[in-house]
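The primary structure of each chain is shown beneath.
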Amino acid sequence: MEYDKNNVFYKIINKTLKADIVLEGKHFLAFHDIAPRAPVHILIIPKGYYVDYCDFVENASNAEILDLQKGIAQIVEIMKLKEGGYKLLSNAGKFKTQFLPEAQEVMHMHVHILGKSSEE
Ligand code: DGP
């Protein structure tokens with residue numbers, strides 16, 4: 001699937017739409033999900049334009065891939081998620097299951113980081 005710039009994360013990267021940003025790296029942005037499904041629900045996205053996880057891993061540079069992976073670990077640290085545990089989820093396409101009923105809604109690669117801060 002071709003990347004379509006008509007999506008909200010493209011606007012967040014290009015600062016035409018505001019987001020509650022938690023962390024910015026050279027190649028990624030991490031911000032609070034607008035409709036949180038956990039006490040802590042962060043989205044981490046590459047600044048480069050990739051549709052989904054496979055597009056990202058197949059076409060991004062090693063520096064972009066490493067930066068995003070390290071960014072996830074930094075978010076876990078910053079939001080204090082280690083003690084209580086956390087989940088990582090990246091929706092791609094229209095697949096749904098009973099316990100994870102959402103398909104991909106925003107066609108810009110993103111990873112959901114879900115958990116509960118040990119400070120709460
Ligand atoms: P997915 O189903 O994996 O494509 O989830 C997309 C997520 O993006 C969903 O949890 C809601 C979130 N989202 C959609 N629009 C916005 C927005 O404008 N701002 C923020 N912060 N999150 C958004």
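Now for a description of the structure that goes with this document. (Residues numbered from 1 in each chain as written. Predicted model: local features only at pLDDT ≥ 70, side-chain atom pairs only at ≥ 80, totals over all residues. Heavy atoms only, no water.)

Summing up its helical and strand segments, the chain has three helices and five strands in all. Put simply, the chain runs from its N terminus to its C terminus through helices and strands in the order α-β-β-β-α-α-β-β. For 120 residues, the compact-globule estimate of 2.2 N^0.38 gives 14 Å, and the C-alpha radius of gyration of the chain, at 14 Å, lies within 12% of that figure. Principal-axis analysis of the C-alpha atoms gives the chain an extent of 40 × 35 × 30 Å. Counting across all 120 residues of the chain, residues that qualify as buried make up 40%. Pairs at least 24 residues apart make up 57% of the contacts formed inside the chain by residues separated by at least 6 positions. With an accessible surface of roughly 7,500 Å², the chain has 55% of that area assigned to carbon and sulfur atoms. Positive and negative charge centroids in the chain, built from 14 and 16 side chains respectively, lie 2 Å apart. (Helix = DSSP H or I, 4+ residues; strand = E, 2+ residues; numbered from the N terminus. Rg over C-alpha atoms; globule rule 2.2 N^0.38 Å. Buried < 20%, exposed > 50% of the residue type's maximum accessible area, 1.4 Å probe, protein only. Contact = heavy atoms within 4.5 Å. Areas by Shrake-Rupley, 256 points an atom, 1.4 Å probe, with all protein chains shown as cover. Lys, Arg positive; Asp, Glu negative; His and termini not counted. Charge placed at Lys NZ, Arg CZ, Asp CG, Glu CD.)

Among the secondary structure elements, Pro-36 is positioned in the loop between β2 (28–32) and β3 (40–46). Of the residues examined, Pro-36 reaches a relative accessible area of 52% and is grouped as exposed. In the structure, Pro-36 is positioned 78 residues away from Leu-114 in sequence and 8.7 Å away in space, judged by C-alpha atoms.

A few words now on the packing of aromatic side chains. Taken as a whole and judged by the stated rule, the model has four aromatic pairs. Aromatic side chains Phe-9 and Phe-31 sit 5.5 Å apart centroid to centroid with 75° between the ring planes, which places their arrangement in the edge-to-face category. Here the residue Phe-9 occupies a position in helix α1 (residues 8–13), and Phe-31 occupies one in strand β2, the gap between them amounting to 22 residues. Classification of Phe-9 by relative accessible area gives buried; the value is 6%. Residue class for Phe-31 comes out buried when judged on its relative accessible area of 2%. Relative to Phe-56, the ring of Tyr-50 lies with its centre 5.5 Å away and its plane at 65°, an arrangement referred to as edge-to-face. According to the relative accessible area criterion, Phe-56 is buried, its value standing at 0%. (Phe/Tyr/Trp six-rings, centres within 6.5 Å; stacked < 30°, edge-to-face > 60°.)

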